[in-house]
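# Residue-level structure breakdown
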Amino acid sequence: MDILHVLNLDALSHGLANLSMFPYFDMAHYTVSIMALREQPGALAVSRVSPLACWFSSMLFCFGGAVLSGIMMAEPAVAPLSNSTNVLLASIIWYLVFYCPQDLAYCCAALLPLRLVLSAMKEVTRTWKVLGGVVQAHGKYKDSLMVMIANGWAKGAGGGLISNFEQLVRGVWKPETNELLKMSYPTKITLVGAVLFALQHTRYLPVQKHYLMLIYTTFTVVNKSRMMLTGSSTSPFAVIESAIYKTLFTGHSPYAALTGDIRKASITNGTSNGLAAADKESGENGATGQCSPTCSAKGENGSPKAKEASENAETKKCK
Amino acid sequence: MDILHVLNLDALSHGLANLSMFPYFDMAHYTVSIMALREQPGALAVSRVSPLACWFSSMLFCFGGAVLSGIMMAEPAVAPLSNSTNVLLASIIWYLVFYCPQDLAYCCAALLPLRLVLSAMKEVTRTWKVLGGVVQAHGKYKDSLMVMIANGWAKGAGGGLISNFEQLVRGVWKPETNELLKMSYPTKITLVGAVLFALQHTRYLPVQKHYLMLIYTTFTVVNKSRMMLTGSSTSPFAVIESAIYKTLFTGHSPYAALTGDIRKASITNGTSNGLAAADKESGENGATGQCSPTCSAKGENGSPKAKEASENAETKKCK
Amino acid sequence: MDILHVLNLDALSHGLANLSMFPYFDMAHYTVSIMALREQPGALAVSRVSPLACWFSSMLFCFGGAVLSGIMMAEPAVAPLSNSTNVLLASIIWYLVFYCPQDLAYCCAALLPLRLVLSAMKEVTRTWKVLGGVVQAHGKYKDSLMVMIANGWAKGAGGGLISNFEQLVRGVWKPETNELLKMSYPTKITLVGAVLFALQHTRYLPVQKHYLMLIYTTFTVVNKSRMMLTGSSTSPFAVIESAIYKTLFTGHSPYAALTGDIRKASITNGTSNGLAAADKESGENGATGQCSPTCSAKGENGSPKAKEASENAETKKCK
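Thresholds applied
- Residues numbered from 1 in each chain as written.
- Chains lettered and ligands numbered in written order.
- Predicted model: local features only at pLDDT ≥ 70, side-chain atom pairs only at ≥ 80, totals over all residues.
- Heavy atoms only, no water.
- Helix = DSSP H or I, 4+ residues; strand = E, 2+ residues; numbered from the N terminus.
- Buried < 20%, exposed > 50% of the residue type's maximum accessible area, 1.4 Å probe, protein only.
- Areas by Shrake-Rupley, 256 points an atom, 1.4 Å probe, with all protein chains shown as cover.
- Least-squares fit on C-alpha atoms with pLDDT ≥ 70 in both.
- Contact = heavy atoms within 4.5 Å.
- Phe/Tyr/Trp six-rings, centres within 6.5 Å; stacked < 30°, edge-to-face > 60°.
- Lys NZ or Arg CZ within 6 Å of the ring centre and 35° of its normal.
- Buried area = accessible area lost by both parts, 1.4 Å probe.
- Salt bridge = Lys/Arg side-chain N within 4 Å of Asp/Glu carboxyl O.
- Nonpolar A, V, L, I, M, F, W, Y, C, P; charged D, E, K, R; others polar.
- Polar contact = N/O pair within 3.5 Å; in protein donor to acceptor, adjacent residues only side chain to side chain.
- Axes fitted to C-alpha atoms, helices over the stretch in contact; angles between N-to-C directions.
- Parallel < 35°, antiparallel > 145°, perpendicular 65-115°, else oblique.
- Left-handed = near helix turned anticlockwise from the far one by under 90°.
- pLDDT = per-residue confidence, 0-100.
- 1 Å grid on protein atoms, 1.4 Å probe; cavity = no way out; pocket = protein on both sides within 12 Å on 5 of 7 lines; lining within 4 Å.
- Points joined across faces, edges and corners; volume = space filled by probe spheres on them.
- Disulfide = S-S within 2.5 Å.

### Describing the overall build of chain A
Assigned secondary structure in chain A consists of 16 helices and zero strands. Expressed as a percentage of the 319 residues in chain A, the buried residues total 51%. Carbon and sulfur atoms make up 67% of the accessible area of chain A, which amounts to about 14,200 Å² in all.

So this is what it looks like as structure tokens:
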């Protein structure tokens, strides 16, 4: 029975590893990505004023990972355009999502059951993209773990990582936020995936590739579905993150008071450069010395709380 | 007589196709480009405060297409600098336009007859640049029409497409406008050219290259001269654009009311992020549902008008 | 005695030329760079909110030159990550500078004598980086002086040249300033070095490479130490710059009055786009025609003074 179980999993994982992303999974990825763009504030207005900017923005949502990876690895950034079939597919979906008569396409795809299936399928493509990035980097830089992680991450979460510049195409500029300052769940899970696949590829992680693909894909699909169904946005890594943060990044604590101020500042002024404002404010308070090597216990508890609070504030603003 | 006519055209088109851009046409391109930079708000002030930033900005106006194409095709972005003669030529013209004693150079070149000739010559270089981009992309990606169009467009209209970053060099940042959101005439005509030359190169357009070069060059030169002489900024594609827009991009119309709002918003507040503001305003009005699949006839007429109005407003601001 | 002197210098310069930057000089470079980041307004707040953004920003401070050079020369921008040892070293220093318990690491390194030694060692790495950039460019573009200068400059002063985008990682956006508009001392000295090494490499400067390395390194180290000890920020090139500026860039002078206005404007409003503001203000005054070919003697004296004043204002703001 145990052997059968293993055999079944083996068949399943091999089946998954040989799955072709084209056309169904790619289509799901394009649909979910372009719907995410449409739900950005101002995106619909742009789609009326300049269909071309809207199309370009959509392509960055769909192929952002390939573009970012291209720039990082000195491969042509226009390479995604050379795959005419995929660009055509993405363009048709873009047209349907934004300009379908009676808005039928978007309204149908936005129904929860269909959206759930599409989102799950999109998560599957993530595995392939991350793996593709890791393998590509391995071809150029043998055994350089960091390049493999960086490229896998870029391929898988490129759309998010270049979001500042994607927004710029639509005439929106929000320098105070980016995916490094405030990682979203997809960016986090992609980073985890890139680390795992890079470790597997360099044999530091003693597991076969198709098993890892199965495990990672299952995790992302299940977790995404759970988040959509429960409407919760709590990251499954929250506990680990908090533990790492408390252990590693609170050593030098005179600044803890300031992180408390950040919360206050980012709530009171929703304008640009919340962080800079926070810094100024703390400077005005005069209470927080920048180099005094003292350690307040209150601070150590305070700062992660402040972080969470600002996280919530952020999430609310984005939704 | 018919044969003679054909023979004459043939000789003319062959003569044009064998025309060397260096040095006279290149010089005209540099002169017109750098004069356009000088006429940007704030550019003269920058030229006094930081000649280096001004020079770098000028080089982006002159060689922006090569830089953008380089980044897109993973060719060295500094490649234009390797052509010392052309950089030297552009630098001399930059110096004369900005710092000539008594401002003689600029005042002379700004005289209408001379400027007309220079602008016409600059239009000629466009044909060569677009064609160069198309051929280069064809060398890397056989038969990928989209890459050929993208690279031809980038080569021909690069200075405009990267204008946000060119402005950044001068300390100016206008995220709310870019050439994709609001295409200028040169960017449009270059896109048309890139499409035509790419179609010709892949044999979809059954016309010989030297004929197409003659036709396209004649069109751009005549049209540019007409626009300069009449002072009109109406695009020759306005009718076609409007027809395409009405046919393709007004299917989902509950948003039409909002596009009306955009006009209002972009007139009332000339500040940053007009689109975002418009979006907020419509949200506050509450009257425009974002997903209600209803269709108001008024909206369909209204939105192109709104577009034109905002176009006029934009043009006035730019001049 | 003369021969002995020459022999000694020869031995010294050869010794310097064969010096390995790894690990001590590289470590000094990382330490000084990351401390400079920590002293940026808002950087400490970011280090609490998002250690990842802080790490990425630090890496851009440490390896910015390699990244910028990579993008310019179409080499992979992630290449610095492939040198695991150096990235690990920089990461450890980043951790110690930002999160060391009791803030010991930063407070120690910030003591003047240690900081002086570290800064001097960092200056030594500059020579190697500039030379590396010049040699690399020479390999790709034989005898193209400008590409060699550009790449040497990018390698040596990359962190400064891409500072706008480094700040963006930390959520800060200051479009009104950049290293081209307002060059800092390190950027200037690197440019001078890039010019010298490029001239030496193309045999226009008849001096042996190891001698030039000795002279340039000595100059940068001595000058940096002098500036740190006296607290002065006057550039050693101020006189030459002023002379060049007066000779070359004041030919067309109706704008001189405006440069006076710039000073006023940039003092009265410390907000964004000081230059644009200045431009508007001068427009409102109506007194300064933009194309009138007249020449006021007062203006020629006035403008460099205005420049110096705005330099001082800038410096004060940065500190």
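### Description of the relation of the copies chain C and chain A
Between the two chain copies there is a screw-like relation: a rotation about an axis and a shift along it. Least-squares fitting of chain C to chain A yields an RMSD of 0.0 Å, with the superposition described by an axial translation of 0.0 Å and a rotation of 120°. Classification of the inter-copy transformation places it as that of a three-fold axis. Considering only C-alpha atoms, the residue of chain C closest to the rotation axis is Ala74 of chain C, which sits at 3.1 Å. A distinct binding surface is used by each copy, with only 8% of the interface residues of chain C retained as interface residues in chain A.

### Some words on the packing of aromatic side chains
Considering all chains together, one arrives at 42 aromatic pairs over all chains under this definition. A centroid spacing of 6.1 Å and a plane angle of 55° characterise the contact between Trp94 of chain B and Phe249 of chain C, whose relative ring orientation is tilted. Pair noted here: Trp94 of chain B is in helix α6 (residues 84-99) and Phe249 of chain C is in the loop between α13 (238-248) and α14 (256-268), and the two residues belong to different chains. Both residues of the pair, Trp94 of chain B and Phe249 of chain C, count as buried. Its end group placed over the ring of Tyr106 of chain A, Arg38 of chain A keeps NZ or CZ at 3.8 Å from the ring centre.

### Points about the interface of chain A and chain B
Taken residue by residue, the interface counts 40 residues in chain A and 38 residues in chain B. Between chain A and chain B, the buried area comes to about 3,300 Å², and carbon and sulfur atoms account for 70% of it. Per-residue buried area on chain A facing chain B is highest for Arg48, Val49 and Val78 of chain A; these three make up 19% of the total on that side. Where chain A packs against chain B, one counts zero salt bridges. When the residues that make up the side of chain A that touches chain B are grouped by side-chain class, the tally is 30 nonpolar, five polar and five charged.

### Notes on the interface of chain C and chain A
Of the residues lining the interface, 40 residues belong to chain C; the matching set on chain A comes to 38 residues. Both sides of the chain C and chain A interface together cover about 3,400 Å² of buried area, and 69% of this is carbon and sulfur. Interface area lost by chain C to chain A is led by Arg48, Val49 and Val78 of chain C, which between them contribute 19%. The tally of links between chain C and chain A comes to zero salt bridges. Where chain C touches chain A, the interface holds eight residue pairs in polar contact (both at pLDDT 80 or more). When contributions to the side of chain C that touches chain A are tallied by element, the ones reaching two or more residues are α3 (43-49), α4 (51-73), α5 (79-82), α6 (84-99), α7 (104-109) and α10 (163-169) of chain C.

### Let's talk about the packing of helix α8 (residues 112-140) of chain A against helix α11 (residues 185-201) of chain A
Residue and element names in this part refer to chain A. It is the contact of α8 with α11, at a shortest axis distance of 9 Å, that shows an interaxial angle of 45°. By the angle between their axes, α8 is oblique relative to α11. When the axes of α8 and α11 are compared, the crossing they make is right-handed. Taken together, the residues of α11 that come into contact with α8 (itself represented by Arg126, Thr127, Val130, Leu131, Val134, Val135 and His138) are Pro186, Ile189, Thr190, Gly193, Ala194, Phe197, Ala198 and His201. Partitioning the contact of α8 with α11 into residue classes produces nine nonpolar, five polar and one charged.

### As for unusual backbone geometry
Between Phe22 of chain A and Pro23 of chain A the backbone carries a cis peptide bond, its omega angle lying at 0°. Mapping Pro23 of chain A onto the fold places it in the loop between α1 (2-17) and α2 (24-38). With a phi angle near 65°, Gln102 of chain B is a residue other than glycine that sits in the positive phi range. With respect to the element layout, Gln102 of chain B can be found in the loop between α6 and α7 (104-109). The partly exposed category is assigned to Gln102 of chain B, whose relative accessible area is 36%. Look at Ala74 of chain C: it is not a glycine, yet its phi comes out positive at around 55°.

### Comments concerning the pattern of salt bridges
Residues and elements named next belong to chain A. Enumeration according to the criterion identifies 18 salt bridges over all chains in this entry. Close ionic contact of Asp103 with Arg38 constitutes a salt bridge, the shortest N to O distance being 2.9 Å. Note that Asp103 is positioned in the loop between α6 (84-99) and α7 (104-109) and Arg38 in helix α2, a separation of 65 residues in sequence. A relative accessible area of 0% places Asp103 in the buried class.

### A word on the relation of the copies chain A and chain B
Note on the copies: chain A fits chain B at an RMSD of 0.0 Å, the axial shift is 0.0 Å, and the rotation between them is 120°. Of all interface residues in chain A, a mere 8% are interface residues in chain B too; the two copies therefore contact each other through different surfaces.

### Section: the confidence of the model for chain A
All names here are of chain A. Taken as a whole, chain A shows an average pLDDT of 81; of its residues, 76% reach a score of 70 or greater. Summarising per-element confidence for chain A, the mean pLDDT is lowest in helix α16 (residues 297-318) (36) and highest in α2 (97). Overall, residues 254-319 carries pLDDT values under 50, and its contacts beyond four positions in sequence, including any with other chains, amount to 70 contacts. Taken over the whole predicted complex, pTM reads 0.82, whereas the ipTM for its chain interfaces reads 0.80.

### Overview of the layout of surface pockets
Residues and elements named next belong to chain A. If you add up the space inside the second largest pocket, you get close to 550 Å³. Counting only elements with at least two residues in the lining of the second largest pocket, the list comes to α2, α4 (51-73), α5 (79-82) and α8. For the lining of the second largest pocket, the element with the most residues is α4, which contributes seven residues.

### Brief notes about the state of the cysteines
Counted according to the given criterion, the structure contains zero disulfides over all chains. Between Cys54 of chain C, a cysteine without a disulfide, and Cys62 of chain C, which holds the nearest cysteine sulfur, the sulfur-to-sulfur distance is 11 Å.

### Let's talk about the packing of α2 of chain A against α8 of chain A
For any two helices packed against each other, the geometry is given by the interaxial angle and the distance between the axes. All names here are of chain A. For the pair α2 and α8, interaxial distance at closest approach is 8 Å and the crossing angle is 110°. Between α2 and α8, the angle is such that the two are roughly perpendicular. Taken as a pair, α2 and α8 cross one another with a handedness that is left-handed. Between α2 and α8, the residues in contact are Tyr24, Phe25, Asp26, Ala28, His29, Thr31, Val32, Ser33 and Met35 and Arg115, Leu118, Ser119, Met121, Lys122, Val124, Thr125 and Lys129, respectively. Residues belonging to the contact of α2 with α8 are distributed by class as follows: eight nonpolar, five polar and four charged.

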